[in-house]
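Now for the letters of each chain:
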Number of protein chains: 2
Amino acid sequence: MSAVPGAARASGPATARDAAAPAESHSKADRAYQSLLEGIQQGRFAPGSRLVLSQLADELGMSVVPVREAIRRLQHDDLVSYERNVGATVVGIDPVEYQYTMETLALVEGFSTAQCAPLVTAEELQRAREINARMRALLDDFDPVEFTALNKEFHATLFEHHQNPHILDLVHRGWNRLTALRSSTFAHVPGRAPESVAEHDQLLDLIAAGAPFQEIEAAARQHRANTLAAYMDTMAPAGQH
Amino acid sequence: MSAVPGAARASGPATARDAAAPAESHSKADRAYQSLLEGIQQGRFAPGSRLVLSQLADELGMSVVPVREAIRRLQHDDLVSYERNVGATVVGIDPVEYQYTMETLALVEGFSTAQCAPLVTAEELQRAREINARMRALLDDFDPVEFTALNKEFHATLFEHHQNPHILDLVHRGWNRLTALRSSTFAHVPGRAPESVAEHDQLLDLIAAGAPFQEIEAAARQHRANTLAAYMDTMAPAGQH
DNA sequence: CTGCTCCAGATCGTATACGATCCAGTGCCT
DNA sequence: AGGCACTGGATCGTATACGATCTGGAGCAG
C-alpha cells in the first residue's frame, strides 16, 4: 500500500486515492501516473485500448522512462494489463473481474466501515444522511453518473477515518478500479438504486445506535454483496450488455 | 495484484508469492526482484539497511534500470520504504506496522479460509492435521523458525484453493510481509505457540464439520487476532525490544 | 487454394550518460 | 564557541541510444 497521502510513513509518491489529487508531485513519473489515471477514469482511454510508451511520452512531453514507471503502477493497481514485449492495454469490464473486485471491496470496505463507526462524528453522520437524501431525490429522474458519485461520497464519509492505512488503501484501490470499469453498477442495474438508498439508511441507523462491530460489518458487507448480486442477476440470464 | 502465477489474466511477471518461485522469468527486472525479495526474507539485507541502486546493479551484473524497477515493486509490497532522491531502505519491525499487517491479514486470510473451506479435500484436511501434529511435537523442544515455517504451510493448505485471485494475492502479500519482518511472532512470544496449535485443531474441526461460512471466518480471524494480541501484550507493558 | 517461412515494422527492455537533488562536513562570521 | 552559507560527494531522476522480441503480412511451396 504505497501511500495514503495524509498518512504516516515516508513512503513514495501518491498512489491512487482520489483521482483529483493536488499532485504537488515534482516528479515526471508521478505526473504521468496521475495523468493516465485520470484519463482512464474519465474514459478518455477506452477499455481495451493500448497504451504505447513512446506515444504517451510524446503527449506528456517527457521521455519513455517515467511513462514506463507510471504504467507499471497502473498495472499493480489492476487498471491495465501488461504483456512483456507487447505493451499495456486498459482493462475492460470483464464481469468476472467485476465480481472479484466487488467481493474484495465488500470485504475491506465492510471491515473499514465497522472499524470507523465509533469514530464517525455527529456532523459526519448528518452529512451522510444529507448525501443519501440527495440520492433519494435523484431516484425519480435517474442519472447513473450523478448517483454513483454521491454513492462514493456517502461511503467515503463512513470509512475515511483512517485507522489501519493498509486497509484504507485497499478500499481506495477497489473504488478506483470500479470507477475505471465505467460508471459502475447503477448504469446497468438502475433497479438496484432504491434498495441501495434504503440500505444506506439502515446502515446509518446502526452506526448512530452504536451497534456492535460485527453487526455493522455484516450490514456493510451485505450491502455491497446485494449490489453485486443484482448485477450478476441481470447479466447471467439476460446474456449480454 | 499483479499475478498469482497459476491463475488467469495475462498480467505481468510474478509478484511475490512464494519466495522460492521457479523464476523462469527471462527479464532482468524479474530476476532482480526475486533476488532482492529472497535477500530480504532471508535477512541478508537487514531491516533499516539501505538499498543503493548502483551497488545492487553491480552485484547482480546488470544496469540500474531493472534494479530500480525491482525496488519499486518491493516498495508496493511494503517491503522497503522509499524516499525521493535519497533511496530505499528495508522496512524494520515497527510494532505499529506489524499490527497493521496482522490486522489486514486477519481480515483477508479469515475470509479466504472461510471461502475455501468447502473446497478443501479430505486429503488436504489430513495433510493439515499432520502438519499441526508436527507443530505440536515441536512444542517441547521449541524452534521458532521451524514452527513458523510449519505454521505458514498449515494455513496455506487451507486458503490456497483459489477463488478470488485478488484476495489470494492479498493473503500472499501479507505473509510475505510478515516473513520479511523477521521470523514472526513465535520468536518473541513462544508462549503463544500451544494455544495456536489448539486453535488450529478447532479450525480443522469446523471445516471438517462443514460449519457455516461466518463461523469459520470468525474462527480464522480470531485465531490471528489472538496471535496479534499476545504479541501486543508482550510489547506494550514490557517496554521495548 | 492452403499452409508455411521469412521479413519488416512496431514496441518493449536495457545500457549508458548526464543533470537534479539531497546530505554532511568545512570554514567563515559574529 | 555557536550558528549559518558553501561546497563536495553520493545518489537518484530522466533522456537518449541500441538491441531483443513480438506481430502481422507478403511471398513461395505444395
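Colleague: Would you mind going over the packing of helix 1 (residues 28-41) of chain B against helix 3 (residues 64-76) of chain B with me for this structure?
Modeller: Any two packed helices are characterised by the angle at which their axes cross and by the distance between the axes. Residue and element names in this part refer to chain B. Where helix 1 meets helix 3, the axes come as close as 8 Å, and the angle between the chain directions of the two elements is 50 degrees. In this view, helix 1 runs oblique relative to helix 3, as classed from their interaxial angle. For the crossing formed where helix 1 meets helix 3, the hand is right-handed. Residue-level inspection shows Lys-28, Ala-29, Asp-30, Ala-32, Tyr-33, Leu-36, Leu-37 and Ile-40 of helix 1 in contact with helix 3, the latter providing Pro-66, Val-67, Glu-69, Ala-70, Ile-71, Arg-73 and Leu-74.

Colleague: Could you clarify how one ought to interpret helix 1 of chain B in this entry?
Modeller: Residue and element names in this part refer to chain B. Between its terminal C-alpha atoms helix 1 stretches 20 Å, which fits the 20 Å expected from 14 residues at 1.5 Å a residue. In terms of residue burial, helix 1 counts as a mostly covered element, since 10 of its 14 residues are buried. Looking only at helix 1, the buried set comprises Ala-29, Asp-30, Ala-32, Tyr-33, Gln-34, Leu-36, Leu-37, Gly-39, Ile-40 and Gln-41. Positive phi appears at Gly-43, one or two residues downstream of helix 1, with a value of about 80 degrees.

Colleague: Got a minute to help me understand the pairing of strand 3 (residues 87-90) of chain A in this structure?
Modeller: The two faces of a sheet get side chains in turn, since along a regular strand they alternate between them. Residues and elements named next belong to chain A. By the bridge criterion, two bridges tie strand 1 (residues 50-51) to strand 3 in an arrangement that is antiparallel. Opposite Arg-50, over in strand 3, you have Thr-89 as the bridge partner. Where strand 2 (residues 80-83) lies against strand 3, four bridges are found, and the strand directions are antiparallel. Bridged to Ser-81 within strand 3 is Thr-89. What sits between strand 2 and strand 3 in their antiparallel hairpin is a turn of three residues, with Asn-85 showing a positive phi close to 65 degrees.

Colleague: Teacher, can you tell me more about the interface of chain B and chain A here?
Modeller: Contacts between chain B and chain A engage 38 residues on the former and 37 residues on the latter. Buried surface at the junction of chain B and chain A, summed over both partners, amounts to about 3,300 Å²; 48% is from carbon and sulfur atoms. Considering only the side of chain B, the residues that lose the most area to chain A are B:Asp78, B:Leu107 and B:His166, jointly responsible for 15% of the buried surface there. The interface formed by chain B and chain A holds six salt bridges in total. Between A:Arg221 and B:Glu217 there is a salt bridge, and its shortest N-O distance comes to 2.7 Å. Elements with a minimum of two residues in the side of chain B that touches chain A: helix 3, strand 2 (80-83), helix 4 (95-116), helix 7 (165-180) and helix 10 (213-238) of chain B. With nine residues, the top contributor of residues to the side of chain B that touches chain A is helix 4 of chain B. Here the side of chain B that touches chain A is built from residues that sort into 12 nonpolar, 13 polar and 13 charged.

Colleague: I'm lost on the relation of the copies chain B and chain A in this one. Help?
Modeller: Taken together, a rotation about one axis and a shift along it account for how the two chain copies relate. When chain B is fitted to chain A, the best match, at an RMSD of 0.0 Å, comes from turning it 180 degrees and sliding it 0.0 Å along the axis. Look at the turn and shift together and you get a two-fold axis relating the two. Of the residues that chain B buries at the interface, 97% are likewise interface residues in chain A, meaning the two copies contact each other through the same surface.

Colleague: Looking at this structure, I do not really get the protein's contact with DNA strand C. What am I missing?
Modeller: Among the 19 residues in the neighbourhood of DNA strand C, the closest are listed as A:Arg68, A:Tyr82, B:Lys28, B:Ser63 and B:Asn85. For DNA strand C, the fraction of protein-proximal atoms (within 4 Å) that sit in sugar or phosphate groups is 89%. Take A:Leu53: an N or O atom from its main chain is 3.3 Å from a phosphate oxygen of DNA strand C. Within the contact set of DNA strand C, a phosphate oxygen lies 2.7 Å away from a backbone nitrogen or oxygen of B:Ser63. For the surface near DNA strand C, the elements supplying multiple residues, two or more each, are strand 1 of chain A together with helix 1 and helix 3 of chain B. Looking at the surface near DNA strand C residue by residue, the class counts come to 10 nonpolar, five polar and four charged.

Colleague: What's the story with the packing of aromatic side chains in this structure? I'm lost.
Modeller: The description of an aromatic ring pair uses the distance of the two centres, along with the angle that the planes make with each other. Considering all chains together, one arrives at eight aromatic pairs over all chains under this definition. Taking 4.3 Å as the distance between ring centres and 45 degrees as the angle between the ring planes, the aromatic pair formed by A:Tyr98 and A:Tyr231 counts as tilted. Pair noted here: A:Tyr98 is in helix 4 (residues 95-116) and A:Tyr231 is in helix 10 (residues 213-238), with a separation of 133 residues, a long-range link. Just as A:Tyr98 is buried, A:Tyr231 falls in that class too. These aromatic residues form a ring-pair network of at least three members: A:Phe142, A:Phe147 and A:Phe186. Against the face of B:Tyr82 rests B:Arg72, its NZ or CZ located 4.7 Å from the ring centre.

Reading guide: rules and limits
Residues numbered from 1 in each chain as written. Chains lettered and ligands numbered in written order. Predicted model: local features only at pLDDT ≥ 70, side-chain atom pairs only at ≥ 80, totals over all residues. Heavy atoms only, no water. Axes fitted to C-alpha atoms, helices over the stretch in contact; angles between N-to-C directions. Helix = DSSP H or I, 4+ residues; strand = E, 2+ residues; numbered from the N terminus. Parallel < 35°, antiparallel > 145°, perpendicular 65-115°, else oblique. Left-handed = near helix turned anticlockwise from the far one by under 90°. Contact = heavy atoms within 4.5 Å. Expected span 1.5 Å × (residues − 1). Buried < 20%, exposed > 50% of the residue type's maximum accessible area, 1.4 Å probe, protein only. Pairing = 2+ DSSP bridges. Buried area = accessible area lost by both parts, 1.4 Å probe. Salt bridge = Lys/Arg side-chain N within 4 Å of Asp/Glu carboxyl O. Nonpolar A, V, L, I, M, F, W, Y, C, P; charged D, E, K, R; others polar. Least-squares fit on C-alpha atoms with pLDDT ≥ 70 in both. Near = heavy atom within 4 Å. Polar contact = N/O pair within 3.5 Å; in protein donor to acceptor, adjacent residues only side chain to side chain. Phe/Tyr/Trp six-rings, centres within 6.5 Å; stacked < 30°, edge-to-face > 60°. Lys NZ or Arg CZ within 6 Å of the ring centre and 35° of its normal.

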